[in-house]
Amino acid sequence: MTQTLSLFERTLNLFTRVRAGEGRTVAVFALYAGLIIISYYIFKTLREPLVIASASADAKAYSTALAALVLLLFMPVYSSLFRAVSREKLVMILALAFAAMGLIFAACYQVGMNIGYAYYVWVSIYGVVMVAQFWVFANGSFNVKSGKRLFPIILMGASVGGLMGAQIASWVLSYSGVLSGLLVASLVIASTAALPYFARNTVPEDSRCIDCHLYQPKASGLLGGISVVFNSKLLLLIAGYALILNIINSSGEYIFAQALLDHVDSLGIVDLHQRQNYIGQVYAQFSFWVTAIALALQLFVVSRIFIHFGMPVAILVMPVLMTIGYFLGGFLPVFSFIYLLKVTDNSLDYSITNTVRQTLFLPVTHEEKFEGKTAIDTLFWRLGDLFQAGLIYASIHWLGWGIAQLMMFCAVLGVIWIVFSRLISTEYQRRIVEHPGEAPKLNAPFDEIPVMPGRELLFRIPSNTFTAADPSDCLHLSAKQADGSALPSWLNLHEKEALFRGVAPHALSPLSLKLTASDDAGLCAHNHFVLQPIDPTTHY
């Protein structure tokens, strides 16, 4: 039923279900994700003071829209690389190319060039391409059941990386300045170049996507990825979900930036250098709290939501909370509330919603996984930036909206987001149900467990009692009385140790029990047995 777990794997089992041999895989993928996010958070924190300190908050929105247009021009290059090289070599090339660009920006900044807008656009592209490519790589490395179990724990590495990146950026801005931050972030991303080759080889055979590496792209250019999206109901819904999510999130970024500028003005800070430092410090602390909360959610909440409630609940958490938050913000558009709301927004986005977005691509075809996902994570996601920039321009120049009106508009979009979430959940569950797999098998049943009344019972369930039909499954053990009622108060099943334990009462009658082993899809096998009292004077 189970193999021996290492100490690290037993520790990981406190947060999710991990099979023997998967501990090293989780560590390597979490490290890989963490290093990418460390570099991104440093780059991202540095970009804020370079743009909005000397401009208006809407300049940030327009720069993000420009990044979307540049990304469209970049896509043909990306598509050519996608076809020409392996997934491992592709992410290596991208890592080295972005590291080189970071060093170029550092050199330009050192000689006094104004890199603000160009740097902002580049960081926006970096955040989309590198993070999206990591998850394309991860989706192609794990099968559906392993990915559902391990993605939440891998994302803990990303959350730790965000926490470290925000803190490093804060230290750099306090003691060294922008130049040092650019150099550090560039070296961090360069260090990931060889990790894809090592990471793929650590995935146990029973946990990996068997034939994903054999898939060769057939679509032509970016339009091929778009056609894949439009030919799939699930992917089209996910694209709409991503579009609305990005419009709301990017609008929230503008609202936060505008509220921060108003706050800085109220403090009377007019010197450009002082404004840059103050704004950079606020964003660094903001990023710290976002990543700290996201890490806590990833550690203690996300995997439990997926295990106990599944996708139908997980996908609704952020849309429901943000719809309520932006609605309340329409009546309370002050900086302290907006700060709290945006910390909550980004914390949920980086934890549960990020896990949801990656998990949605596990039960799709190879074509949908590689080409459709890439189109969604780049084109459709960036379209949200274009719509958001148009919204900001219209609200300022045509509608005369302030922060309160924009927050109310985000609340209206939130209702539409909830509808998309429900539709996605239904379609996702339909795909899962269409391929439920085989139930676990009762391999070596036992009929009774001898119990001495008044003595402690310690019975370890034999490891070969149940066998998972799918080797990538982790079996979940539970026990009840044969009539469906709970175990008696004196008896407990310690699932992780596969151990029945308790002190039997002196007046004990034969007790019929049912032991159940269930897989990740909820399919079960049962073993019926009896706790049989025995005379302690005749058994030694």
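The sections below set out a description of the structure shown in this document. Predicted model only: the values in this text are computed from it and were never measured.

Some points on the sheet that holds strand β2 (residues 448-451)
Backbone-to-backbone hydrogen bonds pair the strands of a sheet. The strands run either parallel or antiparallel.
So, point 1. Here four strands make up an open sheet; going across it, the order is β2-β9-β8-β5 and the pairing mixed. In this open sheet, the two edge strands, each paired with only one partner strand, are β2 and β5 (476-481). With strand direction ignored, the average angle separating the axes of adjacent strands in the sheet is 25°.
So, point 2. The pairing of β2 with strand β9 (residues 524-533) spans four bridges and is parallel.

Things to note about the packing of helix α10 (residues 233-266) against helix α11 (residues 272-308)
So, point 1. At a closest axis distance of 11 Å, the pairing of α10 and α11 adopts a crossing angle of 135°. Taken as axis vectors, α10 and α11 run oblique relative to one another. As α10 runs across α11, the sense of the crossing is right-handed. Contacts from F256, A257, L260, L261, H263, V264 and D265 of α10 reach α11 at R275, Y278, I279, V282, Y283 and F286.
So, point 2. Of the residues in the contact of α10 with α11, the class split is ten nonpolar, one polar and two charged.

Comments concerning the packing of helix α5 (residues 116-139) against helix α6 (residues 144-175)
What describes two packed helices is the angle between their axes and the distance between those same axes.
So, point 1. Running from N to C, α5 and α6 point in directions that differ by 145°, and their axes come no closer than 12 Å. Where α5 crosses over α6, the handedness of that crossing is right-handed. Across from F134, W135, A138 and N139 in α5, the residues of α6 making contact are F151, I154 and L155.
So, point 2. Grouping the amino acids of the contact of α5 with α6 by side-chain chemistry returns six nonpolar, one polar and no charged.

Re the environment of N527
So, point 1. Structurally, N527 can be placed in strand β9.
So, point 2. Sequence-wise, N527 and F466 are 61 residues apart; in three dimensions their C-alpha atoms are separated by 8.8 Å.

Section: the pattern of salt bridges
So, point 1. Summed over all chains, the structure comprises eight salt bridges.
So, point 2. Notably, a salt bridge pairs R19 with E22, separated by 3.9 Å at the nearest N-O pair. For the pair shown, R19 and E22 are each scored as buried.
So, point 3. Close ionic contact of R501 with E456 constitutes a salt bridge, the shortest N to O distance being 3.0 Å. Here R501, found in strand β7 (residues 499-503), pairs with E456, found in strand β3 (residues 456-460); they are 45 residues apart in sequence, far enough to count as distant.
So, point 4. You can call R501 partly exposed: its relative accessible area is 40%.
So, point 5. Because the salt bridges share partners, they merge into one network encompassing R19, E22 and R149.

Focus on the pairing of β7
So, point 1. Relative to β7, β3 is paired through five bridges, and the arrangement is antiparallel. Bridged to F459 within β7 is F500.
So, point 2. Here strand β6 (residues 491-494) pairs with β7 via four bridges, running antiparallel. Across the sheet, residue H494 finds its bridge partner in β7, namely L499.
So, point 3. In this structure, the hairpin formed by β6 and β7 is closed by a connection of four residues, where A498 is found at a positive phi of approximately 50°.

Section: the side chain of S395
So, point 1. The residue S395 is located in helix α15 (residues 366-397) in this model.
So, point 2. Ignoring any residue separated from it by four or fewer positions in sequence, one finds S395 in contact with G400, W401 and L406.

Considerations on the nonpolar core
So, point 1. Ranked by size, the top nonpolar core spans 125 residues in total, and within it F29, Y119, F134, I154, Y326, V356 and I376 carry the most contacts.
So, point 2. Considering each element in turn, this core owes the most residues, 19 residues, to α10.
So, point 3. Counting 24 residues, the second-largest nonpolar core is a separate cluster that includes F459, A479, L508 and L513.

Some remarks on empty space enclosed by the protein
So, point 1. With the rule as written, the count across this model stands at six cavities of 30 Å³ or more.
So, point 2. Considered as a void within the structure, the largest cavity measures approximately 790 Å³ in volume.
So, point 3. Lining the largest cavity are 40 residues, with Y40, G127, D349, Y350 and W381 positioned closest to its centre.
So, point 4. Listing elements by their share of the lining of the largest cavity, those giving two or more residues are α2 (22-51), α3 (57-84), α5, α6, α10, α11, α14 (335-359) and α15.
So, point 5. Broken down by element, the lining of the largest cavity gets its largest block of residues, eight residues, from α5.
So, point 6. Within the lining of the largest cavity, the residues separate by chemical class into 18 nonpolar, 13 polar and nine charged.

What to know about the packing of aromatic side chains
So, point 1. Evaluated as defined, the whole model comprises 36 aromatic pairs.
So, point 2. Between F105 and W122, the ring centres sit 5.3 Å apart and the planes meet at 50°, which makes this aromatic pair tilted. Of the two residues, F105 sits in helix α4 (residues 87-110) while W122 sits in helix α5, which places them 17 residues apart along the sequence. This pair shows no difference in class: F105 is buried, exactly as W122 is.
So, point 3. Among the aromatic residues, those joined into a ring-pair cluster are Y40, Y41, F43, F98, F105, Y119, W122, Y126 and Y350.

Reading guide: rules and limits
Residues numbered from 1 in each chain as written. Predicted model: local features only at pLDDT ≥ 70, side-chain atom pairs only at ≥ 80, totals over all residues. Heavy atoms only, no water. Pairing = 2+ DSSP bridges. Helix = DSSP H or I, 4+ residues; strand = E, 2+ residues; numbered from the N terminus. Axes fitted to C-alpha atoms, helices over the stretch in contact; angles between N-to-C directions. Parallel < 35°, antiparallel > 145°, perpendicular 65-115°, else oblique. Left-handed = near helix turned anticlockwise from the far one by under 90°. Contact = heavy atoms within 4.5 Å. Nonpolar A, V, L, I, M, F, W, Y, C, P; charged D, E, K, R; others polar. Salt bridge = Lys/Arg side-chain N within 4 Å of Asp/Glu carboxyl O. Buried < 20%, exposed > 50% of the residue type's maximum accessible area, 1.4 Å probe, protein only. Core = buried A, V, L, I, M, F, W, Y, C linked by side-chain atoms within 4.5 Å. 1 Å grid on protein atoms, 1.4 Å probe; cavity = no way out; pocket = protein on both sides within 12 Å on 5 of 7 lines; lining within 4 Å. Points joined across faces, edges and corners; volume = space filled by probe spheres on them. Phe/Tyr/Trp six-rings, centres within 6.5 Å; stacked < 30°, edge-to-face > 60°.

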